[in-house]
Amino acid sequence: MHSLARCLCLSLLLVGSPARARDYRFDGGMSEEVLRSYLARSMTTMYLLTGHGDFDDNLRMLTNCGVKFAGRAVYQWGREEGGESALPKKLELAKKNAARIHAADPEMFV
């Protein structure tokens, strides 16, 4: 029982301790430290940029969670939802939504 209590206390201390500041700055090439910083704050966000769900709510979630890399934000295979002919319109919407994300957090990749 005492070892379980010790593990719980240690876990609480680790969770409650402040995270070290991460570096997200790069110009051209990206160092491994910066890459690891982005990957540590990554989230899969299928269809984020292409009109699925409430974009404002999703943007609020991303910024509140501190996401720096939003993966699969467009997620288009080519045949779904209108197929290839719908792609230009989707990419235009994605470009508009990506600009809104970068306005909220210039360090976030989508």
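Residues numbered from 1 in each chain as written. Predicted model: local features only at pLDDT ≥ 70, side-chain atom pairs only at ≥ 80, totals over all residues. Heavy atoms only, no water.

Looking at the element boundaries, Thr-50 is found in the loop between strand 1 (42-44) and helix 3 (55-65). Beyond its immediate stretch of four places on either side in the chain, Thr-50 contacts Ala-73, Val-74, Lys-90, Leu-93 and Ala-94. (Helix = DSSP H or I, 4+ residues; strand = E, 2+ residues; numbered from the N terminus. Contact = heavy atoms within 4.5 Å.)

What follows deals with the pattern of salt bridges. With the rule as written, the count across this model stands at six salt bridges. For Arg-60, the salt bridge goes to Asp-57, with nearest N and O atoms at 2.6 Å. Remark: Asp-57 and Arg-60 occur in helix 3; sequence separation between them is three residues, near one turn of the helix. Under the relative-accessibility criterion, Arg-60 is labelled partly exposed at 45%. Between Glu-107 and Lys-68 there is a salt bridge, with the nearest N and O atoms lying 3.0 Å from each other. Of the two residues, Glu-107 sits in the segment after helix 4 (87-104) while Lys-68 sits in the loop between helix 3 and strand 2 (69-71), which places them 39 residues apart along the sequence. Take Glu-107: its relative accessible area is 32%, and that puts it in the partly exposed class. You can call Lys-68 buried: its relative accessible area is 11%. It is possible to trace a salt-bridge network through shared partners that takes in Lys-68, Asp-105 and Glu-107. (Salt bridge = Lys/Arg side-chain N within 4 Å of Asp/Glu carboxyl O. Buried < 20%, exposed > 50% of the residue type's maximum accessible area, 1.4 Å probe, protein only.)

The predicted model of the chain averages 84 in pLDDT, with 81% of residues at 70 or higher. The least confident element of the chain, judged by mean pLDDT, is helix 1 (residues 2-16) at 53; the most confident is helix 3 at 96. (pLDDT = per-residue confidence, 0-100.)

Another aspect to go through is the nonpolar core. A general tendency of soluble globular proteins is for nonpolar side chains to be buried together. Of all hydrophobic cores here, the largest spans 12 residues; its members are Leu-48, Leu-49, Phe-55, Leu-59, Leu-62, Val-67, Ala-70, Ala-73, Ala-94, Ala-98, Ile-101 and Met-108. Mapped onto this core, the elements with two or more residues apiece are helix 3 and helix 4. Discounting chain neighbours no more than four positions away, the residues touching Ala-73 are Thr-45, Tyr-47, Leu-48, Leu-49, Thr-50 and Val-110. (Core = buried A, V, L, I, M, F, W, Y, C linked by side-chain atoms within 4.5 Å.)

As for its position among the elements, Leu-87 is in helix 4. With relative accessibility at 27%, the residue Leu-87 sits in the partly exposed group. Sequence spacing of Leu-87 and Gln-76 is 11 residues, and the spatial spacing of their C-alpha atoms is 8.3 Å.

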